[in-house]
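Chain by chain, the residues:
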Amino acid sequence: MKVLMFGWEFPPHISGGLGTACYGLTKGLANNGVEVLFVMPTATGDEDKSAVSIIDASEIEVSESCRNVRDFLEKVQFIRIGSNLIPYIDPQEFTEMLSNLQQGQIEEFKLGFGQKYKFSGKYGKTLMEEVVRYALVGAEIALRNDFDVIHAHDWLTYLAGVAAKRVSGKPLVVHMHATEFDRSGNNINTEVFDIEKMGMREADRVVAVSHLTRNIILNKYGINPEKVITVHNAVDFQGFEHLHIERGVPEQIVTFLGRITYQKGPEYFIEAANKVIKRYPNVRFVMAGNGDLLKRCIRRVAKLGIAHKFHFTGFLRGGEVKQMFAYSDVYVMPSVSEPFGISPLEAMRSNVPTIISKQSGVAEVLRHAIKVDFWDIDAMADSIYALLAYPALSAMSVKHGLNEVNSLKWDAAAYRVSEIYSAIIKK
Amino acid sequence: MEKSICFYFQVHQPDRLRLYRFFDIGRESHYFDDFANRTILRRVAERCYLPANSLLLELIKKYNGAFKVAFSISGVAIEQFERYAPEVISSFRELAKTGCVEFLAETYSHSLASLISPAEFKEQVMIQSSKIESLFGFKPAVFRNTELIYSDLIGSMVSDMGFTAMLTEGAKHILGWKSPNYLYTNAINPRLKLLLKNFNLSDDIAFRFSNRAWSNWPLTSDKYVTWISDTLAKDDIVNLFMDYETFGEHQSASTGIFEFMRHLPEAVLSRTNVTFDTPSQVCAKHQPVAPLHVPFPISWADEERDTSAWLGNELQNEAFNKLYSAESDVRRVNDPKLLSDFRRLQESDHFYYMCTKFFSDGAVHSYFNPYDTPYEAFINYMNVLSDFLLRVEKALPTAPPISGTVIAQRNGSKKAEAPLKAQKSKLKAKPKTGMVANPKAGDKKPKSKPKSGK
């Protein structure tokens, strides 16, 4: 079995969880005997090719034979560059970019043939243009290669997936790692929503990373439930090392780590922290990360008068993240909406007991994390307190949590995906 | 020789805890979810206790005393009946009057005290026995421990308290090739007889009765009696031990469980040599065949038939040990309200809710569990326990110098054992020794932290 897979990023060059997930899945598929042709906008050559053949879309010339795809793409001409939808961007960059856009002209783009297009492969301001061009190249790649099934990851690649299906007639699987509702709450970008919906309608199967995501797909996009299948993500901790760090403060540390945005629920963390600090002196809270709610959070902490116990670190890079986990006694992920959520797994892997919101996909696969509703700050405070004050609880949670995290294997997830392939190929 | 069928039903309802946040610690000391407890008790009374009692009464009258059963009713359940459904007590009284019902002794608060504190265990059994006697005019002579927990030591303890027989599980790993369908004796004190539950035949009613995936569904009285008589062709006794809530609650009335029970006596009694007997009568009729060696505690729960459903993980052990660490202090304070809370916090159900086995051991556990996860159960229980321990600490009559003496005593000071008066002059220095003696505990945990120390 051979699959043509469209992704947007691949390790080592990643900016979100998507690349990591694609990497894990392709490796798992290889172990299940599925051959993967992985297409990405721009390859740098240092990707791990042990499990996949990588096609660099920037190296592909688009030929005239893709005319029917062009027709299809004209229908999605509502897409204009200049739309400021950038899913995984640093908020500061975002503000700069927005002001640039407002100053500059909004350019139309034209579809060119007979030439290569140099993709940036980033989530920059030409994102929409790249998405459409990627689709064109995708069709070309589909013409030139032989495969049994197409698999497209997240909305960025859906047009490419659909285009490839149009020219090849092969079945299409689209993979929802996050929906527009997860990224933006209810103020969605309708263009992205339309691409997501179109991709899922055209697809033969939709893979959702959690039941939570599946429900959003059914309820908000109105996709036929029969073709939406949940395959939970897994995690690959090969080469993971434990850090041992001497702590500078005597207090126990409770950590929030993630983008400080609406989706991640940082404000609930602050309110819960306030409740704990009032009753339990031996604790400090840390909020690590950056985001558009950061300033508001700092103001709130100051207003509550807990700033001497509540600290902000700003954005943390890879090594610092590991350090932060090593410092922590409790990790909290109070996400308002989280399609899956890898970071609790990283925390548990670092032996940090973890509290996660029930509104996260990862809550469906973890039994040894403590689960609360994101809005229930009393329950959150109570759980934080319990993990700090009752050592038996954290010991137990850590011990079993580690086993549990280690049992979430990509091979198992990939097996389920390969079953989905088989089902639609036979059809 | 006559063969016996022995029915014993367990009646118990736990005092479920309310949602108790850590903010409440030290502020609010009402621990129980009165609304849930009342609602559930009234529901079970209507579906099970009342209709089942009236059915048993009807059967006893119909067969003129040939149909007999035994009950064990936990003290905390009796308290709930008195509070929320006194008519249930009256209907048990009606049954007691027939003389065909035996009441067994157990621990008052359905506790696991037999595993940790002989003193508390004996006291609870005594209160329970006198409660039963005062309500039903029947002095229990046979004992059944919480969840049928039994070991050689527990058995000998029970024997020392004057009981003649005890009920426990016919656990396979204990019996090996032996059959549960005979009378056995305690390995230490052979005067204590043991009745073993036939778990196959008991669970056919208690767990499998309504299971349509079961190859023997639907189970009729006649079919069931064939199984019993097959068993009794060789063996002496069939002990059918189960939760009373099987009738109408676990197996709802619509499954036909009441009709099954209604026809069972007739089907049995039509076979001449089989009679219904209460545990005491079984002991009088039959001779024990052998002593039974049970070095480690067994119970009637789960596949393992051990105590791991209550004390199988770190959470349960921590909560359990913390609770009983306060036992001596509670006794010293001797405050009725504290003692009552102490007893109710001992109910085995609280520890059952913290069991992580139900992740694999499915249906039975989740059915009985008000919490989503064992972690929530533990957090809630520990919050309550923290408050309870604070109250005990506050109520302790002793002044600080004396607690210094106690610490010194714990640290092996012989002087502290001498009469207090003689030590008065030295006592002033003692508190300091006490503080220094426990520097680690003092450093790590600030004093305001509720759980500190004890």
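Residues numbered from 1 in each chain as written. Chains lettered and ligands numbered in written order. Predicted model: local features only at pLDDT ≥ 70, side-chain atom pairs only at ≥ 80, totals over all residues. Heavy atoms only, no water.

A.B. asks: So, the pairing of strand 4 (residues 149-153) of chain A: which residues are in play, and what are the values?
C.D. replies: Residue and element names in this part refer to chain A. Where burial is concerned, most of strand 4 is hidden: five out of the five residues are buried. Relative to strand 4, strand 1 (residues 2-6) runs parallel, the two being bridged by four bridges. Paired with Met-5 across the bridge in strand 4 is His-151. Examined bridge by bridge, strand 4 and strand 5 (residues 172-176) share four bridges and lie parallel to one another. Looking at the pairing, His-153 lines up with His-175 of strand 5. Crossover connection from strand 4 via helix 5 (residues 158-168) to parallel strand 5: handedness right-handed. (Buried < 20%, exposed > 50% of the residue type's maximum accessible area, 1.4 Å probe, protein only. Helix = DSSP H or I, 4+ residues; strand = E, 2+ residues; numbered from the N terminus. Pairing = 2+ DSSP bridges. Right-handed = clockwise from strand over helix to strand, strands pointing away.)

A.B. asks: Hey, could you go over the sheet that holds strand 12 (residues 290-292) of chain B for me, with residue numbers and the actual values?
C.D. replies: Residue and element names in this part refer to chain B. In spatial order, the strands read 4-5-7-6-12; together these five strands make up an open sheet with mixed pairing. The open sheet terminates on both sides in strands that have one partner only, identified here as strand 4 (142-144) and strand 12. For this sheet the average axis-to-axis angle between neighbouring strands, irrespective of direction, equals 40°. As paired elements, strand 4 and strand 5 (residues 165-169) share three bridges and run parallel to each other. Note on strand 5: the bridge partner recorded for Val-142 is Ala-165. (Axes fitted to C-alpha atoms, helices over the stretch in contact; angles between N-to-C directions.)

A.B. asks: Explain the side chain of Glu106(B) residue by residue, including any values.
C.D. replies: Residues and elements named next belong to chain B. Among the secondary structure elements, Glu-106 is positioned in the loop between strand 3 (101-103) and helix 4 (118-136). Among the residues examined, Glu-106 registers a relative accessible area of 0% and is labelled buried. Looking at Glu-106, its side chain comes within polar contact range of the side chain of Ser-72, at 2.9 Å. A polar contact of 3.1 Å, which involves the side chain of Glu-106, links it to the backbone nitrogen of Ser-74. Discounting chain neighbours no more than four positions away, the residues touching Glu-106 are Gln-10, Val-11, Ser-72, Ile-73, Ser-74, Gln-124, Val-125, Gln-128, Phe-143 and Arg-144. (Polar contact = N/O pair within 3.5 Å; in protein donor to acceptor, adjacent residues only side chain to side chain. Contact = heavy atoms within 4.5 Å.)

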